[in-house]
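The chain contents come next:
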Amino acid sequence: MAHPSRRLSHNALGDFYVDSSCIDCDTCRWMAPETFTEREDQASVHHQPETEEAHRRALMALVSCPTGSIGTTEKHDSAPAIEAFPDRIHDDVFHTGFHSESSFGAAGYFIARERGNVLVDSPRFTMPLVRRLEALGGVATMFLTHRDDVADHRKFHEHFGCERVMHERDLGPATRDTERPIEGDDPVALDEDLLVIPTPGHTRGSACLLYRDEFLFTGDHLAWSESRGHIYAFRGACWYDWATLVRSSEKLAVYSFEWVLPGHGRRCHFPKQRMAQELERALRWMRDAA
Ligand code: SF4
């Protein structure tokens, strides 16, 4: 839990603060940008929330912070912020909140489908979230984009009995018993609206999940960059091979989608034609960054 004695000096005076345990995962900054910003490789409060909505978003960031690094000097009822998750992004696709430190604060997603709900990567296994997922029908499938964002996968599997899906090249001691390993580089249909697309590069077994030709869950393969103003990949955090990552991104050009929903980095949404142009732009940047 955040402690006032560790309050970072950059924080604006007032109720909300970030303490020195922040791991700079970026979650609070994209969830509540009106309150949180970056200072010297950590988050801090740049404006105390003034509106009801800003206050609500700041509390949602507080409960999602993987390291409990956000605190308040006043007492607040956090129940509404907890109950706000999973937080709807669009249609039947939700952000789970409750990020886990063991996946460095990566975002998890939930798809509420009649043919079986899907959890994409692993949030913290915490009972308020678990109860909400139960109320939405549980989890039938857990898709793990790559080895770094698996966090509490086993607890979700044991609680919901969900089938875990992950590329076999990223399996390790903690994930060796994954029920459905994906092999090779060809896409694999999990259902008529769910397609696993192997995208090695960030790791050997990275894979994206395309839902309904509309939502692309990218893990740490691609994300939107606020500072660059385009889709990019993590050149400085490419653990396997950049040239392979670029080739994997070229493969995505044959698919159409409107949303890029990453584990780290920012999400983005464009109409399909514009998204195709954005992907081309990202590919030009990636080739130059080789
Ligand atoms: S969510 Fe927590 S760990 Fe992540 S940047 Fe914000 S304060 Fe730091």
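The text that follows walks through the structure, step by step, so that each part is easy to find. The structure presented is a predicted model; accordingly, all values stated were derived computationally and were not measured. Residues take numbers from 1 onward in each chain, read along the sequence in its written order. Totals for whole chains, interfaces and linings use every residue, but because this is a predicted model, local features are given only for residues with pLDDT of at least 70 and side-chain atom pairs only at 80 or more, for both listing and counting. With hydrogens and water stripped out, all remaining heavy atoms of the structure feed into the side-chain values.

### Focus on the overall build of the chain
Okay, step 1: Along its length, the chain carries 7 helices and 19 strands.
Okay, step 2: Relative to a compact globule of 290 residues, whose C-alpha radius of gyration would be 19 Å, the chain shows 19 Å and is just as compact.
Okay, step 3: Considered along the principal axes of its C-alpha atoms, the chain spans approximately 55 × 45 × 35 Å.
Okay, step 4: Across the 290 residues of the chain, 56% fall into the buried class.
Okay, step 5: Residues count as neighbours in contact if any of their non-hydrogen atoms are within 4.5 Å of one another. Look at the contacts in the chain between residues 6 or more apart in sequence, and 54% of them connect residues 24 or more apart.
Okay, step 6: In the structure as shown, the chain presents an accessible area of about 12700 Å², 47% of it carried by carbon and sulfur atoms.
Okay, step 7: Under the convention used here, Asp and Glu are negative, Lys and Arg are positive, and both His and the chain ends fall outside the count. In this description, the location of a charge corresponds to atom NZ of lysine, CZ of arginine, CG of aspartate or CD of glutamate. Looking at charge distribution, the chain has the averaged site of its 33 positive side-chain charges lying 2 Å from that of its 46 negative ones. Secondary structure elements are defined from DSSP: runs of H or I of at least 4 residues count as helices, runs of E of at least 2 residues count as strands, and each element is numbered from the N terminus. For the radius of gyration, the atom set is restricted to C-alpha positions; the globular benchmark scales as 2.2 Å times the number of residues to the power 0.38. Type-normalised accessible area, obtained with a 1.4 Å probe on protein chains alone, sets the label of each residue: buried when under 20%, exposed when over 50%, and partly exposed for intermediate values. Reported accessibility uses the Shrake-Rupley method at a 1.4 Å probe radius. Residues are deemed covered only where the shown protein chains occlude them.

### Some remarks on the sheet that holds strand β19 (residues 268-269)
Okay, step 1: In spatial order, the strands read β12-β13-β14-β15-β18-β19; together these 6 strands make up an open sheet with mixed pairing. Looking at which strands have only one partner, the edges of the open sheet turn out to be β12 (188-191) and β19.
Okay, step 2: DSSP bridges decide pairing: two strands pair if at least two such bridges lie between them. Sheet analysis places strand β15 (residues 215-219) next to strand β18 (residues 259-262), joined by 4 bridges and oriented parallel. If you follow Leu216 over to β18, its bridge partner there is Val260.

### A look at the sheet that holds strand β7 (residues 109-111)
Okay, step 1: Taken in spatial order, the 7 strands line up as β5-β6-β7-β8-β9-β10-β11 in an open sheet, and their pairing is mixed. Whereas interior strands pair on both sides, the edge strands pair on one side only; in this sheet they are β5 (87-90) and β11 (180-182). Adjacent strand axes in the sheet meet at a mean angle of 25°, parallel and antiparallel pairs treated alike.
Okay, step 2: Looking at chain direction, β5 and strand β6 (residues 93-95) are connected through 3 bridges and run antiparallel. Pairing of His90 across the sheet is with Val93, part of β6.
Okay, step 3: Axes, fitted as lines to C-alpha atoms, cover a helix only where it is in contact. Angles between the N-to-C directions of the axes lie from 0 to 180 degrees. Strands β8 (118-120), β9 (141-143) and β10 (163-167) of the sheet are contacted by helix α5 (residues 153-160), whose axis makes an angle of about 145° with β10.

### A word on helix α4 (residues 127-135)
Okay, step 1: Inspection of α4 places Leu129, Val130 and Leu133 among the buried residues, and these make up the whole buried set. Seen from one end, α4 has its buried residues packed into an arc of 100°, which puts them on one side. Pointing more than 90 degrees away from the buried face of α4 are the exposed residues Arg131 and Ala135.
Okay, step 2: Contact partners of the buried residues in α4: β7, β8 and α5. What the arc covers is the set of directions going from the helix axis to the C-beta atoms.

### Some points on the packing of aromatic side chains
Okay, step 1: Aromatic rings from Phe, Tyr and Trp, taking only the six-membered ring of Trp, are treated as a pair when their centres fall within 6.5 Å; an angle between ring planes under 30 degrees marks them as stacked, one over 60 as edge-to-face, and anything in between as tilted. Taken as a whole and assessed by the stated rule, the structure comprises 11 aromatic pairs.
Okay, step 2: Summarising the aromatic geometry, the rings of Phe94 and Phe110 are spaced 6.2 Å apart at their centres and angled 55° between planes, so their arrangement reads as tilted. Pair noted here: Phe94 is in strand β6 and Phe110 is in strand β7, with a separation of 16 residues, a long-range link.
Okay, step 3: Centroid distance Tyr232 to Trp285: 6.1 Å. Interplanar angle 65°. Geometry classified as edge-to-face. Within this pair, whereas Tyr232 is found in strand β17 (residues 230-232), its partner Trp285 is found in helix α7 (residues 272-288), the two being separated by 53 residues in sequence.
Okay, step 4: When its relative accessible area of 14% is taken as the criterion, Tyr232 is described as buried.
Okay, step 5: One aromatic cluster is present, built from ring pairs that chain together Tyr232, Phe234, Trp242 and Trp285.

### Digging into the pattern of salt bridges
Okay, step 1: A carboxyl oxygen of Asp or Glu within 4 Å of a side-chain nitrogen of Lys or Arg is what we treat as a salt bridge. Under the definition given, this model contains 21 salt bridges.
Okay, step 2: The partner of Asp177 in a salt bridge is Arg154, and the shortest N-O contact between them spans 2.8 Å. Taken together, the positions of Asp177 in the loop between β10 and β11 and Arg154 in helix α5 put the pair 23 residues apart, joining distant regions of the chain.

### Some points on the site of the ligand
Okay, step 1: Being near a molecule or strand, for a residue, comes down to having at least one heavy atom within 4 Å of it. Close contacts around the ligand come from 13 residues, with Cys22, Cys25, Cys28, Cys65 and Thr67 the closest.
Okay, step 2: The residue makeup of the shell around the ligand, split by class, is 9 nonpolar, 2 polar and 2 charged. When residues are sorted by character, Ala, Val, Leu, Ile, Met, Phe, Trp, Tyr, Cys and Pro go into the nonpolar class, Asp, Glu, Lys and Arg into the charged class, and all the rest, Gly among them, into the polar class.

### Notes on the packing of helix α6 (residues 242-251) against α7
Okay, step 1: The interhelical angle for the contact between α6 and α7, taken along N-to-C directions, is 165°, at an axis separation of 10 Å. By the angle class used here, α6 and α7 are roughly antiparallel. For the pair α6 and α7, the sense of crossing is left-handed. Facing Trp242, Leu245, Val246, Ser249 and Glu250 of α6, the residues of α7 in contact are Leu279, Leu283, Trp285, Met286 and Arg287.
Okay, step 2: Across the contact of α6 with α7, the residue classes tally to 7 nonpolar, 1 polar and 2 charged. Small angles under 35 degrees read as roughly parallel and large ones over 145 as roughly antiparallel, with 65 to 115 read as roughly perpendicular and the rest as oblique. Left-handed is the label given to a crossing in which the near helix is rotated counterclockwise from the far helix by less than a right angle, and right-handed is the label when the rotation is clockwise.

Structural measurements only, silent on function.
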